[in-house]
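Descriptive structure summary
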Amino acid sequence: MAEKFIALLGDSFAAEYNADSPGWVDILAEKHSVNNVAQAGVGEYKILRQLRDIESNNPHWKSLYQCVIVAHTSPFRIHTPKHPLHKKGLHENCDLIYNDLKDRFDWFNDSLATAKNWFVHHFDDDYQVSVYKLVREEIKRLIGDVPYLAIDHFGLSANLASEENRLDFSDFWLQHRGNVNHYTVEGNQKVAQAVIDKVEQIC
């Protein structure tokens, strides 16, 4: 298997954890040269920005990579430039999602109360899904003719996928939840092998 230069984008399912046990992204990086710019907890808009940052750093980036892998996130993550809870560390770029906020309470955190109330009173499923699909299509457009593997870990995002080459781990994840890239040790090994096999096929 020839080594390939891969750009890896996405959310916490693809971020580098620097944990004691390797995630699937670490196993992938043992086989290929990987530029991993994924960030934990980000929404689809920030994933688009990851791609734009690669492009802004090198307008000829497409000639550098043999493959782009994107771990797409939930349509229900809402962009914010400043999270009310996560300020530093792995989740410092985190966006808003209701399940992360609903059971949190702090008398002195107006930002948290505002975010929770917005979800309760103003969140619109149809709008979120529509915007998510547009952003995901823009990611595909910008990648263009570079071989592109889309990965989904959420059932809803997988149902919205339109990419030619993709892997759907949404059911697999529910059976192998763990602490590194949200998978167990065995789960990470199996995800890594599936990704490596797919990369070999399409790139």
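Residues numbered from 1 in each chain as written. Predicted model: local features only at pLDDT ≥ 70, side-chain atom pairs only at ≥ 80, totals over all residues. Heavy atoms only, no water.

**Looking at the packing of helix α1 (residues 24-31) against helix α8 (residues 185-202)**
Helix packing geometry: the angle between the two helix axes and the distance between the axes. Cut-off, in case you're wondering: Note on method: axes are straight lines fitted to C-alpha atoms, helices fitted across the in-contact stretch only, with angles between N-to-C directions ranging 0 to 180 degrees. In DSSP terms, a helix is any run of H or I states spanning at least four residues, a strand is any run of E spanning at least two, and both are numbered starting from the N terminus. Just so you know how the angles are binned, under 35 degrees is roughly parallel, over 145 roughly antiparallel, 65 to 115 roughly perpendicular, and the rest oblique. Crossing handedness is read from the near helix: turned anticlockwise from the far helix by less than a right angle, it gives a left-handed crossing, and turned clockwise, a right-handed one. Only heavy atoms enter the contact rule, under which two residues are in contact if any of them lie within 4.5 Å.
Packing of α1 against α8 leaves a shortest axis separation of 8 Å and a crossing angle of 45°. As far as their axial angle goes, α8 and α1 are oblique. Handedness of the α1/α8 crossing: right-handed. Contacts between α1 and α8 involve Trp24, Ile27, Leu28 and Lys31 from the first element and Asn188, Gln189, Val191, Ala192, Val195 and Ile196 from the second.

**Regarding the sheet that holds strand β5 (residues 166-168)**
Under the convention used in this document: A pair of strands is labelled paired if DSSP reports no fewer than 2 bridges between them.
One open sheet holds the five strands; their spatial order is β2-β1-β3-β4-β5, and the pairing between them is parallel. A single partner strand is all that each edge strand has here, and the edge strands are β2 (33-36) and β5. Neighbour-to-neighbour, the strand axes of this sheet turn through a mean angle of 20°, independent of strand direction. Across the face of the sheet, helix α2 (residues 44-57) comes into contact with β1 (5-10), β2 and β3 (67-72) while running at roughly 150° to β1.

**Overview of the pairing of strand β4 (residues 148-152)**
Keep this limit in mind: Only protein chains enter the calculation, and the probe is 1.4 Å; a residue is then buried if its accessible area is under 20% of its type maximum, exposed if over 50%, and partly exposed in between.
Summarising burial for β4: five of the five residues are buried, a large majority. Alternating positions in β4 separate into two faces, Tyr148, Ala150 and Asp152 on one and Leu149 and Ile151 on the other, with burial throughout. Across five bridges, the pairing between β3 and β4 is parallel. Across the sheet, the residue bridging to Val70 is Ala150, located in β4. Direction of pairing for β4 relative to β5: parallel, over a ladder of three bridges. Residue pairing for β5: Ala150 is matched across the bridge by Arg166.

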